[in-house]
Amino acid sequence: MKGYVKKSVSLLLAFVIFFSSAGTGLTGVFASAATDSTVYKYNGISFTLNEDEEATIVSYTGDESDIVIPETVKKNFIATRKYTVTSIGEGALPLVATSVTIPSTVTSIGKYNFANNHTLRSVVFEDSPITVIDDFMFENCHQLSSITLPKNLESIGVRAFASCFNAQPAKVELPSTVKTIKNSAFENCQSLAEIVLPEGLAEIGNIAFVQCTSLTEIRIPSTVTDIGEAAFVGCTNLANVSLPENNKIKNIYASSFELTPFYSNQENWVTEEPYGTTALYLNNILLVANGNNPEGIYEIGPRTKNVAISFANINSGNISRYSVAPENAFLSADIWGVLYDKNKTELISFPTASSIKNYHVDSSVTSIRPFAFFNDANLETVTFSNDSS
């Protein structure tokens, strides 16, 4: 008996000495177990556990094409402990899924889980805390026709839904929390028949809805401040665009609605007296004009709240100077006919046919509109005051 005990003690000491000499030690053995990167498989789902013992799905090998991501998983079928699924790893979902339901426990989704899935028709985020649809997340999901977005969504990324919604007429309703639609987010969604933009939305990016050929109407919320270049170009059935009188539009491009019925329908163009010039407005925002008075002066009336970036005076030559009605509460022009906001803190547009060669920007100016000096044939120098901000 004594020999057995001595032998057991000797084996234990040898075990300790071995791991100590290997530079690992017993504590190292147990520490490595705590950060185990083992891939577990449960009900067609392969997952790993992080140090907080939260599950990340790394692949799906099940037979179902209608995939429901579970809120919890187990290491095996006989295990009793459950682990919360909080993440879907990059490329974890198969490109043959026809529908995917994502539980409220998931807080992050890796790249390329949905992009280029040509069979995906439906996606549901169940009370998801996710706030951003990442760039390219659903790009080229041509068959996608239905999506329930996260209720706390704030931003839709670059090309997030580009070339989706191309199989059958679809309606997308954005949650009230969405603030930003980034560049090309819904580009070439040819069967997107309706999109509901919420109050609270601030920014619509460049070519965000270009070639959405099934859109017939857009209601732009009063909270939108920026509509990007060519945002709705090529929406060949977009005939009705509305914007509230109390809008907050700061930046909008003359090209935002080109190649749409809204732009081309002459009934939407307003004839302005006394010179018979015509102009296209989005409510009180001047987008584009046709004509000047005989001296090349473009006269802005009392109701105009803002003027589009790269404001164009088509078919009638360039503008030699701007003139703003004295009762206009939003805009003004200096003695050289340069267009400003009312308080002359923003320089909006330098007239393209002005004879001025040297122009000094007043110290009151704190910002200059993009393309404000674009294509000014005679302008040679622009100077600023030393105290200009």
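Owing to the predicted nature of the structure, the values given are computational and were not obtained by experimental measurement.

Draft legend 1. Summary view of a nonpolar patch on the surface. Taken together, the side chains of Ile-368, Val-382 and Phe-384 define a hydrophobic patch exposed on the protein surface, amounting to about 230 Å² of accessible area. Turning to its location among the elements, Ile-368 is positioned in strand β31 (residues 367-368). The exposure class assigned to Ile-368 is partly exposed, which follows from its relative accessible area of 35%.

Draft legend 2. Examining the side chain of Ser-354 more closely. In this fold, Ser-354 is placed in the loop between β29 (346-349) and β30 (358-361). The class for Ser-354 is buried, based on a relative accessible area of 3%. A distance of 3.2 Å separates the side chain of Ser-354 from the backbone nitrogen of Ile-356, its partner in a polar contact. Discounting chain neighbours no more than four positions away, the residues touching Ser-354 are Ile-319, Ser-320 and Asn-378.

Draft legend 3. Summary view of the packing of aromatic side chains. Under the definition given, this model contains 15 aromatic pairs. Seen in terms of ring centroids, Tyr-40 and Phe-47 are 5.6 Å apart; in terms of plane orientation they differ by 35°. Their pairing is tilted. For the residue pair Tyr-40 and Phe-47, the accessibility class agrees, reading buried in each case. Look at Tyr-42 and Phe-77: their rings are 5.2 Å apart centre to centre, the planes differ by 40°, and that puts the pair in the tilted class. Taken together, the residues Tyr-42 in strand β1 (residues 40-42) and Phe-77 in the loop between β5 (72-73) and β6 (83-88) connect sequence positions 35 residues apart. Residue Tyr-42 is classed as buried on the basis of its relative accessible area of 18%. Clustering of aromatic rings is evident, with ring pairs tying together Phe-114, Phe-138, Phe-161, Phe-165, Phe-186, Phe-209, Phe-232, Phe-257 and Phe-262.

Draft legend 4. The arrangement of the pairing of β6 in detail. Burial analysis of β6 places 5 of its 6 residues in the buried class, which makes it a mostly covered element. Here 3 bridges tie strand β3 (residues 55-60) to β6, and the two strands are oriented parallel to one another. In the strand pairing of β6, Ile-57 is matched with Ile-88. Looking at chain direction, β5 and β6 are connected through 2 bridges and run antiparallel. Bridged to Thr-72 within β6 is Thr-84. As defined by bridge partners, β6 adjoins strand β8 (residues 108-109) across 2 bridges and the pair is classed as parallel. Within β8, the position partnered with Ile-88 by the bridge is Ile-109.

Draft legend 5. Quick peek at the pattern of salt bridges. Across all of its chains, the model carries 8 salt bridges by this definition. What you see here is one network of salt bridges that share partners, running through Glu-139, Arg-159 and Glu-187.

Draft legend 6. Quick peek at the state of the cysteines. Within the structure shown, the criterion is met by 0 disulfides. With no disulfide partner, Cys-189 has as its closest neighbouring cysteine sulfur the one in Cys-212, 4.9 Å distant. Cys-212 gets classed as buried once you look at its relative accessible area, which sits at 0%.

Draft legend 7. Structural context of the sheet that holds strand β4 (residues 66-68). On the basis of which strands lie adjacent, the open sheet formed by 4 strands has the order β4-β7-β9-β11 and parallel pairing. Among the strands making up the open sheet, the edge pair consists of β4 and β11 (146-148). With direction set aside, neighbouring strand axes in the sheet form an average angle of 5°. When strand β9 (residues 122-125) meets β11, the two strands line up parallel, connected through 3 bridges. Paired with Val-124 across the bridge in β11 is Thr-148.

Draft legend 8. Looking closely at the sheet that holds strand β28 (residues 339-341). The strand order across the open sheet built from 4 strands is β27-β28-β29-β31, with neighbouring strands paired in mixed fashion. Looking along the sheet, the strands with just one partner apiece sit at the ends: β27 (331-333) and β31. Examined bridge by bridge, β27 and β28 share 3 bridges and lie antiparallel to one another. Bridged to Leu-331 within β28 is Asp-341.

Draft legend 9. Structural detail: the confidence of the model for the protein chain. Summary statistics for the protein chain give a mean pLDDT of 87 and a share of 86% for residues scoring 70 or more. Taken as a whole, residues 4-35 scores under 50 in pLDDT and shows 7 contacts with residues more than four places along the chain or in a different chain.

Draft legend 10. Structural context of unusual backbone geometry. Backbone geometry at Phe-136 places phi at a positive 65°, although glycine is not the residue there. Inspection of the secondary structure assignment puts Phe-136 in the loop between β10 (132-133) and β11. A positive phi is found at Ser-163, a non-glycine position, where the angle reads about 60°. When you line up the elements, Ser-163 lands in the loop between β12 (155-156) and β13 (170-173).

Definitions and limits used
Residues numbered from 1 in each chain as written. Predicted model: local features only at pLDDT ≥ 70, side-chain atom pairs only at ≥ 80, totals over all residues. Heavy atoms only, no water. Patch = residues over 30% accessible without salt bridge, like charges linked within 9 Å, V, L, I, M, F, W, Y side chains within 5 Å. Areas by Shrake-Rupley, 256 points an atom, 1.4 Å probe, with all protein chains shown as cover. Salt bridge = Lys/Arg side-chain N within 4 Å of Asp/Glu carboxyl O. Helix = DSSP H or I, 4+ residues; strand = E, 2+ residues; numbered from the N terminus. Buried < 20%, exposed > 50% of the residue type's maximum accessible area, 1.4 Å probe, protein only. Polar contact = N/O pair within 3.5 Å; in protein donor to acceptor, adjacent residues only side chain to side chain. Contact = heavy atoms within 4.5 Å. Phe/Tyr/Trp six-rings, centres within 6.5 Å; stacked < 30°, edge-to-face > 60°. Pairing = 2+ DSSP bridges. Disulfide = S-S within 2.5 Å. Axes fitted to C-alpha atoms, helices over the stretch in contact; angles between N-to-C directions. pLDDT = per-residue confidence, 0-100.

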